[in-house]
Amino acid sequence: MASQEPWQMENGNLKGSSKEFKHGRTAHNMSSSSLRKKSDLSLVNKVPCGLVRQLLANLQEVILGTKLSVLFPAIPLAILAQFFGFAGPWIFGLSLLGLIPLAERLGFLTEQIAYYTGPTVGGLLNATCGNATELIIAIFAMSQNKILVVKYSLLGSILSNLLLVLGTSLFCGGIYNLRQEQKYDRKQADVNSLLLLLGLLCHMLPLLFRYAGNSGDVALIADSALSLSRAASIVMLVAYLAYLVFQLWTHRQLFEAQEDGDGDAASSDDEPVIGFWSSAVWLIVMTAIIALLSEYVVGTIEVASESWGISVSFISIILLPIVGNAAEHAGAVIFAFKNKLDISLGVALGSSTQIAMFVVPLCVLVAWIMGIRMDLDFSLLETSSLALSIIVTAFTLQDGSSHYMKGLVLLLCYVVIGACFFVSKTTPDQGNGINPGIKLPTEGVISA
């Protein structure tokens with residue numbers, strides 16, 4: 001156990017390491033922990049110098065404490081490829097591989113900090129950093145006026161969680177537990193479904209507004225749809241804040257990950273392995289590396305698209321979300337094998353809700369501050385795919401039980417949508433009724 005500061009102790013015990021924290025772990029924490037491995041510090045403990053010993057212990061826990069550590073070499077390779085001017089597809093591919101372990105380690109570090117701050121602050125930190133990879137990629141794409149890349153990547157994250165992750169979990173769990181009925185708590189699924197439907201309404205209104213308006217005045221319709229999108233984004237953020245209060249305070253018991261008596265999910269994770277300040281420093285470092293690789297990804301996505309013969313829409317909607325959440329997705333499937341569908345549903349639906357109700361409206365408001373015209377109109381094809389995915393998922397989860405056929409249907413829906421965007425040839429320079437690269441004057445942030 002890591003050495004602790006006096007302010008981190010409470011009644012002789014570590015803050016947050018009590019039973020309250022252990023049984024307040026969210027599905028995201030439980031899912032990520034399934035890919036971690038126990039570190040053997042026997043050799044490190046023989047180092048005589050205390051500072052060097054602590055540094056080596058932190059390196060072993062953070063870098064080697066995950067089953068995805070084999071992908072870490074992709075990070076320096078991506079940086080070297082960029083420095084020596086390698087071809088864009090190489091930089092893009094290596095950066096995507098490097099983002100996989102970084103996303104998992106980000107979840108690990110936020111959980112380590114939560115041991116010291118308590119479950120409530122830890123839950124808020126997890127809610128903020130849970131989809132940091134998607135948010136950072138979106139911000140870099142916005143800074144380069146690639147608004148469609150932002151919309152595609154965020155839409156893809158929602159679709160992959162609802163159809164791919166949930167479908168794979170239900171299918172694999174149903175096949176592995178073929179002779180027993182899998183059940184889950186519908187209460188959490190109902191709350192997330194309601195929020196996703198609210199988010200869908202906010203996406204559909206700007207789209208319908210554009211089609212219902214007078215086609216003769218395109219600029220006026222675009223301005224009105226943009227103002228509506230910004231107002232709807234504020235409403236979505238308010239709803240997400242209310243959801244956090246509901247999840248972390250008033251109805252926390254609905255979202256706590258259930259642990260069986262065997263304790264296989266968290267028996268070895270009931271104590272922190274690195275200190276508070278070490279976790280904070282590592283969190284900053286990991287976030288900075290994610291930002292660097294995200295810049296590489298955004299800068300080379302068109303080159304990779306041309307080289308591989310794959311549309312930018314397919315890369316943004318299918319490849320980026322799968323890579324950005326690969327660790328979390330794998331954890332959800334592992335718990336489905338263990339017949340713990342509440343954790344799998346918490347990961348898939350929780351991530352979808354977080355992106356739809358927090359990351360997407362936040363990007364709209366950040367773009368507004370940056371003077372960039374980004375709205376909630378994801379165009380007809382994309383919005384229809386989102387709507388049908390939410391509806392199919394809601395119908396799938398309505399009875400509180402599962403079997404492999406439900407998972408198979410969700411996976412087939414994802415395959416069809418993926419095929420649709422594979423043949424789509426939309427480029428990042430094409431807009432959705434609003435020119436994505438138009439800069440607004442500074443006073444436009446206030447007047448709009």
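Along each chain, residue indices are assigned from 1 in the same order as the chain's sequence is written. Per-residue local features are limited, in this predicted model, to residues with pLDDT of at least 70; the limit for side-chain atom pairs, both in listing and counting, is 80 or more; totals at the level of whole chains, interfaces and linings are taken over all residues. As a rule here, side-chain values come from all non-hydrogen atoms in the structure, and water together with hydrogens is ignored.

Draft legend 1. Focus on the overall build of the chain. Within the chain, the secondary structure is distributed over 17 helices and four strands. Residues classed as buried in the chain amount to 56% of the 448 residues present. Should any heavy atoms of two residues lie within 4.5 Å, those residues are counted as being in contact. Within the chain, counting contacts between residues at least 6 apart in sequence, those at least 24 apart form 85% of the total. What sets the accessible areas is the Shrake-Rupley method with a 1.4 Å probe; for residues, cover comes only from the shown protein chains. With the model as given, the accessible surface of the chain reaches about 19,000 Å², and the carbon-plus-sulfur share is 66%. Only runs of H or I of at least four residues qualify as helices and only runs of E of at least two qualify as strands under DSSP, and these elements are numbered from the N terminus. Between buried and exposed lies partly exposed: a residue is buried under 20% and exposed over 50% of the maximum accessible area for its type, with that area taken using a 1.4 Å probe on protein chains only.

Draft legend 2. The side chain of Ser311, seen in detail. If you trace the backbone, Ser311 turns up in the loop between α11 (276-308) and α12 (312-324). Among all residues touching Ser311, those that are not within four sequence positions of it are Ser305, Phe421, Phe422, Ser424 and Lys425.

Draft legend 3. Representation of the nonpolar core within the structure. As used in this record, nonpolar core signifies buried Ala, Val, Leu, Ile, Met, Phe, Trp, Tyr and Cys residues forming a set joined through side-chain atoms within 4.5 Å. In this structure, Phe92, Leu109, Val150, Leu345, Cys363 and Met374 are the most contacted members of the largest nonpolar core, which totals 108 residues. When residues in this core are grouped by element, the largest group, 16 residues, is from helix α14 (residues 341-370).

Draft legend 4. Molecular detail of the environment of Leu412. With respect to the element layout, Leu412 can be found in helix α16 (residues 404-423). Sequence separation between Leu412 and Leu163 is 249 residues, and the spatial gap between their C-alpha atoms is 8.5 Å.

Draft legend 5. Spotlight on the packing of helix α4 (residues 74-83) against α11. Put simply, α4 and α11 touch, their axes get as near as 11 Å, and they point 50 degrees apart. Considering their axes alone, α4 and α11 lie oblique with respect to each other. The two elements α4 and α11 meet at a crossing, and its hand is left-handed. Listed contacts from α11 to Ile75, Ala78, Ile79 and Gln82 of α4 are Ile289, Leu292, Leu293 and Tyr296. Of the residues contributing to the contact of α4 with α11, the split by class is seven nonpolar, one polar and no charged. For helices, the fitted axis covers only the stretch in contact; all axes are lines through C-alpha atoms, and the angles between them, taken along N-to-C directions, range from 0 to 180 degrees. Here the angle decides the label: under 35 degrees means roughly parallel, over 145 means roughly antiparallel, 65 to 115 means roughly perpendicular, and every other value means oblique. By the definition used in this description, the sense in which the near helix is turned from the far one sets the handedness, with an anticlockwise turn below a right angle giving left-handed and a clockwise turn giving right-handed. Three residue categories are used. Nonpolar comprises Ala, Val, Leu, Ile, Met, Phe, Trp, Tyr, Cys and Pro, charged comprises Asp, Glu, Lys and Arg, and polar comprises the others, including Gly.

Draft legend 6. Representation of unusual backbone geometry in the model. We note that Asn339 has phi near 65 degrees; this positive angle belongs to a residue other than glycine. Structurally, Asn339 can be placed in the loop between α13 (326-337) and α14. Classification of Asn339 by relative accessible area gives partly exposed; the value is 27%. You will see that Ser379, though not glycine, has its phi angle at about 75 degrees, which is positive. Within the fold, Ser379 resides in the loop between α14 and α15 (380-396).

Draft legend 7. Structural detail: the packing of aromatic side chains. Note on aromatic contacts: the rings of Phe and Tyr and the six-membered ring of Trp form a pair at centre separations within 6.5 Å, being stacked when their planes are under 30 degrees apart, edge-to-face when over 60 apart, and tilted otherwise. Summed over the entire model, instances satisfying the criterion amount to nine aromatic pairs. A centroid spacing of 5.9 Å and a plane angle of 80 degrees characterise the contact between Tyr116 and Phe276, whose relative ring orientation is edge-to-face. Linking Tyr116 in helix α5 (residues 88-117) with Phe276 in helix α11, this pair joins segments that are 160 residues apart in sequence. As far as burial versus exposure is concerned, Tyr116 and Phe276 are alike and both buried. Taking 5.1 Å as the distance between ring centres and 80 degrees as the angle between the ring planes, the aromatic pair formed by Phe276 and Trp277 counts as edge-to-face. Definition used: whenever NZ (Lys) or CZ (Arg) falls within 6 Å of the ring centre and also within 35 degrees of the ring normal, the charge is taken to sit over that ring. One Lys or Arg, Arg105, reaches over the ring of Phe108 and ends 4.1 Å from the middle of that ring.

Draft legend 8. Summary view of α15. Counted at 1.5 Å a residue, the expected span for α15 with its 17 residues is 24 Å, and the 24 Å between its end C-alpha atoms agrees. For α15, the complete set of buried residues consists of Glu382, Thr383, Ser385, Leu386, Ala387, Ser389, Ile390, Thr393 and Thr396. Buried residues along α15 sit against α8 (147-176), α9 (186-212), α14 and α16. Each residue after the first adds 1.5 Å to the expected span of a helix.

Draft legend 9. Looking closely at the confidence of the model for the chain. The pLDDT averaged across the chain works out to 80; a share of 77% of its residues lies at or above 70. pLDDT measures how confident the predictor is about each residue, on a scale from 0 to 100. Per-element confidence in the chain ranges from a low mean pLDDT of 40 for helix α17 (residues 444-447) to a high of 94 for α4. Overall, residues 260-268 carries pLDDT values under 50, and its contacts beyond four positions in sequence, including any with other chains, amount to 12 contacts.

Draft legend 10. Expanded view of the pattern of salt bridges. Each salt bridge in this description consists of a side-chain nitrogen of Lys or Arg and a carboxyl oxygen of Asp or Glu lying within 4 Å of one another. Tallied over the entire structure, the rule returns seven salt bridges. Of the charged contacts, one joins Arg186 and Asp190 as a salt bridge, the two residues approaching to 3.9 Å between their closest N and O atoms. Here Arg186 and its partner Asp190 are both found in helix α9, four residues apart, which amounts to about one turn of the helix. Arg210 serves as the salt-bridge partner of Asp377, at 2.7 Å between the closest nitrogen and oxygen.

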